Structures are given as C-alpha cells and as structure tokens.
Amino acid sequence: MKVLKFGGTSVGSVENMANVKQIINNGEKKIVVLSAMSGTTNSLVDIANNIKTSHLENALKIINTLQEKYAVVIDALLQNESLNSATKNYIFERFNFLRSSVDKTFSQLFENEILAQGELMSTFMFNAYLEAQGISSVLLPALDFMRIDENKEPAFEYITQHIDKVLNEAGEADIYITQGFICLDNNGKVSNLQRGGSDYTATIIGAAIKAEEVQIWTDIDGMHNNDPRFVEGTKPISDLSFDEAAELAYFGAKILHPQTVLPVRADGIPVRLKNTMDPDAKGTSITSSSFETGIKAIAAKDKITAIKIKSGRMLQAHGFLKKVFEIFETYETSIDMITTSEVAVSLTIDDARNLDKIVSELEEFASIEIDQNQSIICLVGHSIVNHEGTHKLFQILKDVKIRMISYGGSSNNISLLVDTENKITTLQKLNAYLFELATA
Ligand code: ASP
C-alpha cells in the first residue's frame, strides 16, 4: 500500500481538490493524508493568540470570517443536498467548538485542540466530496492511532498496533483518508507534530504499515537545487539520498518538514515529492540509492545566533568543550554549527529562548560575543567534501563576509554562516559558481 500526502494548497480550492481526486482515483489501495486547507492553520493560530491575549472580539471575528469561507467552499464542492447539509453540520459544529473556546480560560491544551480543527475539517469535506463523486473511501481518525511519547517522538509501537486495528475495523476500501499533523500526546491529550507536520504524519504511517512508498504532493515540482524565492532559474533535483534530503529539510528547504525522512530511512521506503498541479512532472525521489556525487542543492536557514566563546584557559587544556556543551545541555539548546581555534570556539543555535541564561553561565569562565540575525547556508550532495567541483564554492569569499565554515563534519554537507542581510547575494552567487548559470 502507498501513502500519499496532500498539502494545504492541494485541498485549498474546489479545483485543486478535483485534481487530487484525479490523482488518487486509480484503483490502487492507498492511505491519503491531508493537511488543513491553506491558510486555515494560520487563522487558527491567530484565533488562539487572540484568545490568549484576551482580544476575544478579534478571535470571534476571525472565526466568523473563516466559517463564511468554508460555507462558500462547501456549496461549490457539494451540490448533493444531503451531503452538503451533513458536511455543513459537521463543519459548523467545529466552528461552534471554536466559538465556545473563546469563553474558556486559555491553556496549552486548548491551543492544540484549536489547531487540530483545520485537518478535521479538510478530511471530512474531502471524504464527502469523494462520496459525491461516487468514489468509495473511508475516513480514519488520526487521533485513534497517531501518538507521541513523553519526548515528543512518534510512539511507533502504539501507532503500528493501533493503525492495524483501525484499518481492520474500517473494512475493505481503496482509499483511506486521514488527518495529517494531529496526534495525541503521552497523556492522551490532543497535540500535533509541529507546523508543517503532515509530511511527518505520512512517513510515520508509511513506516508503521511498511508502505511500498510515500508520496508528498505539494504545489512545486520537487525539491529545487536552490531557494526559488530568491534565485532565478532553480531546477528540481530528480534524486536525493535520505541523508541529503534530511540535511536540506533541516537547513531550510521549505518543501519538507525537517523530520520527514527519518521514520522511513531505516526501511528504505522511498519518498517521492510530486506536484499536484503538474502530476506528470518527475518530481524528486528520495531513496537509499542515490550516489551521484557533487553539490546537488543549496538551502538557507534564518534566525541563527552565533556565539563566540573565547578563553585563555582553553589553550592546551582539556575538558573546556565539555564544560561549554554541558551548559547548552542544561538549557536543552541544540548546537548546529561549530568551529574551533586554540583559544576560541564559535557555535550556532537556532533556539535563542535561553540565550541570556546560557551567556551568563559561559561568562563565568570566558568572554562572549554574540551575533544575531545570521543565516546558515547549507550545501548538500553525496561525498561533496571530496568532489573536484567543490572548490568553486570558495569564490564566495570574495563576495561576502563568511562568519563561519563547517567543512568535513559529514561528507554530504558544507555549511557557511553569513549575516542574513547577505543571504540572498550568497545564494545567488553560489548558484552561479556551482551550477554554472550566467547570472553572477
Ligand atoms: N496544517 C498544518 C500547518 O499548516 C500542518 C501541515 O499543513 O503540514 O502547519
């Protein structure tokens, strides 16, 4: 069985839902994972924030506007009267729930329940649409099998057991529809897999049922070799290894949730990135057998903080780095890049919530310099540190100031740290140097 995930844009309009129907209606057995309609989760976040800050009128206004939007979509999607009214009943119940949460004392629990409504609504509507089109499908409630543990990691044993049960109870069908993103936490309360988490849902399910493959359908024809928002003439990459895809997703390629490939990597279940608006385009295949060498792609991650830790005591001393790392561990802050000299170490973090506390502990034995608004530019490809073409990247040194370089940490990744104001220039120049376009 295959698992196919469709993102917010794919279910964001009647026309796109018709495309999705076309893609999935091919007689093959599959699980279809859906995101919320595009924009919905952002509106739900807005609603939650307005409730949290006691702007209750604003929250109600957003809820009412969103409900009107859904009513219009349902009317365009479902001409059949009984399906139309059954769907409206369900959707309006969801909006009544949202309105009822405006009066309640705000808690994290409520926030997660508010955020869960988008996927509950999109899957219900799409399932009704398939029924209206004479296609038989079954809705599988993700909250009946998707769960995270106390470390917020997928509870695989639980998921595997429960999805089997849910599938058995659902009976025979070609198409099973389920919600991306939402899950239960270790206490059985509604939670989620973080923003963009529907991709992750798809590969978690893929791993649990040992799927033949997982397809992630979005509105772009695969992962590109550079960021199309900043660089012209980027191209889709046809093949990536799991490691390459994981690095790119973590370091800013927006098309994939960072953890997406982890669940399926061990079993080598292929992940294909496809475009709902252009289903015949090849897209990107992520497999364990992509060995073409050289730099394949560049991605950038913003909001990085660089910390330089300098101390005379580091000179020929051991145990210094241990002391440094222990402080980051105490504040559960992970380090992305690191470079050292004999008297200083520079490292980067993307979660600066505990920066003040970390710095004050470091200052007990070192002098500290902080640079904020940094971007990590990540170059990814198989065995790139040994590839003859890689030297071309160092031409970038004449164009922008590089704050750090990490080379050789893995053979698949080279990372540069630049001031975010130089990010676009860096991406464009690297594109020209490495992919030989005539735009530098
Ligand atoms: N609807 C959620 C979000 O917008 C999850 C997803 O679309 O993947 O983040």
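Note that this is a predicted model, so its numbers are computed, not measured.

### A word on the overall build of the chain
Within the chain, the secondary structure is distributed over twelve helices and 16 strands. Here the C-alpha radius of gyration of the chain, 24 Å, is about what a compact globule of 440 residues would show, namely 22 Å. The dimensions of the chain, computed from C-alpha atoms along their principal axes, are 75 × 50 × 40 Å. Here the chain holds 440 residues, and 53% of them are scored as buried.

### Description of the pattern of salt bridges
In this structure the tally under the stated criterion is 18 salt bridges. Lys2 serves as the salt-bridge partner of Glu212, at 4.0 Å between the closest nitrogen and oxygen. Pair noted here: Glu212 is in the loop between α7 (198-208) and β7 (213-218) and Lys2 is in strand β1 (residues 2-6), with a separation of 210 residues, a long-range link. Among the residues examined, Lys2 registers a relative accessible area of 14% and is labelled buried. The shortest N-O distance in the salt bridge between Glu369 and Lys308 comes to 3.9 Å. Within this pair, whereas Glu369 is found in strand β14 (residues 367-380), its partner Lys308 is found in strand β11 (residues 297-310), the two being separated by 61 residues in sequence. Under the relative-accessibility criterion, Glu369 is labelled partly exposed at 44%. Look at the salt bridges and you will find they share partners, linking Lys2, Glu28 and Glu212 into a network.

### Regarding the environment of Ser13
With respect to the helices, strands and loops of the structure, Ser13 is situated in the loop between β1 and α1 (14-24). Along the backbone, Ser13 and Glu369 are 356 residues apart, and their C-alpha atoms lie at a distance of 49 Å.

### Some words on the site of the ligand
The immediate surroundings of the ligand are formed by Ser35, Ala36, Thr41, Glu119, Phe181, Arg195, Gly196, Gly197 and Ser198. Side-chain polar atom of Ser35 to an oxygen atom of the ligand: 3.0 Å apart, as the coordinates give it. Contact distances for the ligand include 2.6 Å between a nitrogen atom and a side-chain N or O atom of Glu119. Out of a free accessible area of 260 Å², the ligand has 86% covered by protein chains. Taken together, the residues that form the shell around the ligand break down as two nonpolar, five polar and two charged.

### Comments concerning the sheet that holds strand β16 (residues 413-419)
Judged by pairing direction, the sheet is antiparallel, and its six strands sit side by side in the order β12-β13-β11-β14-β16-β15 without closing on themselves. Of all strands in the sheet, those with a lone pairing partner are β12 (335-340) and β15 (402-410), marking the two edges. Taking the axes of each pair of neighbouring strands and ignoring which way they run, one obtains an average angle of 30° across the sheet. When β11 meets β14, the two strands line up antiparallel, connected through eleven bridges. Along β14, the bridge assignment pairs Lys301 with Ile376. Taken strand by strand, helix α11 (residues 355-362) contacts β11, β13 (344-349) and β14, and its axis lies near 120° from that of β14. The sheet strands contacting helix α12 (residues 423-435) are β11, β14 and β16, and the helix crosses β11 at an angle near 125°.

### Topic: the packing of helix α2 (residues 40-52) against helix α3 (residues 56-77)
Closest axis-to-axis distance for the α2/α3 pair is 7 Å, and the angle between their directions is 160°. By the angle between their directions, the pair α2 and α3 is classed as roughly antiparallel. Here α2 runs over α3; the crossing is left-handed. Seen from α2, the contacting residues are Thr40, Ser43, Asp46, Ile47, Asn50 and Ile51; seen from α3, they are Leu56, Asn58, Ala59, Ile62, Ile63, Leu66 and Tyr70. For the contact of α2 with α3, a count of residues per class yields eight nonpolar, four polar and one charged.

### What to know about the environment of Asn84
Mapped onto the elements, Asn84 comes out in helix α4 (residues 81-102). According to the relative accessible area criterion, Asn84 is buried, its value standing at 11%. As a C-alpha pair, Asn84 and Ala128 span 44 residues in sequence and 8.3 Å in three-dimensional space. Asn84 has contacts with Ile74, Asp75 and Leu78, leaving out every residue within four places of it along the chain.

### A closer look at the packing of α3 against α4
Each pair of packed helices gets described by two things: the angle between the helix axes and the distance between those axes. At a minimum axis separation of 10 Å, α3 and α4 run at an interaxial angle of 175°. As summarised for this structure, α3 and α4 are arranged roughly antiparallel, according to the angle between their axes. Together, Leu56, Ala59, Leu60, Ile63, Asn64, Leu66, Gln67, Tyr70, Ala71, Ile74 and Asp75 of α3 and Asn84, Thr87, Lys88, Ile91, Phe92, Phe95, Leu98, Arg99 and Val102 of α4 make up the contact between the two elements.

Rules of the game
- Residues numbered from 1 in each chain as written.
- Predicted model: local features only at pLDDT ≥ 70, side-chain atom pairs only at ≥ 80, totals over all residues.
- Heavy atoms only, no water.
- Helix = DSSP H or I, 4+ residues; strand = E, 2+ residues; numbered from the N terminus.
- Rg over C-alpha atoms; globule rule 2.2 N^0.38 Å.
- Buried < 20%, exposed > 50% of the residue type's maximum accessible area, 1.4 Å probe, protein only.
- Salt bridge = Lys/Arg side-chain N within 4 Å of Asp/Glu carboxyl O.
- Near = heavy atom within 4 Å.
- Polar contact = N/O pair within 3.5 Å; in protein donor to acceptor, adjacent residues only side chain to side chain.
- Areas by Shrake-Rupley, 256 points an atom, 1.4 Å probe, with all protein chains shown as cover.
- Nonpolar A, V, L, I, M, F, W, Y, C, P; charged D, E, K, R; others polar.
- Pairing = 2+ DSSP bridges.
- Axes fitted to C-alpha atoms, helices over the stretch in contact; angles between N-to-C directions.
- Contact = heavy atoms within 4.5 Å.
- Parallel < 35°, antiparallel > 145°, perpendicular 65-115°, else oblique.
- Left-handed = near helix turned anticlockwise from the far one by under 90°.

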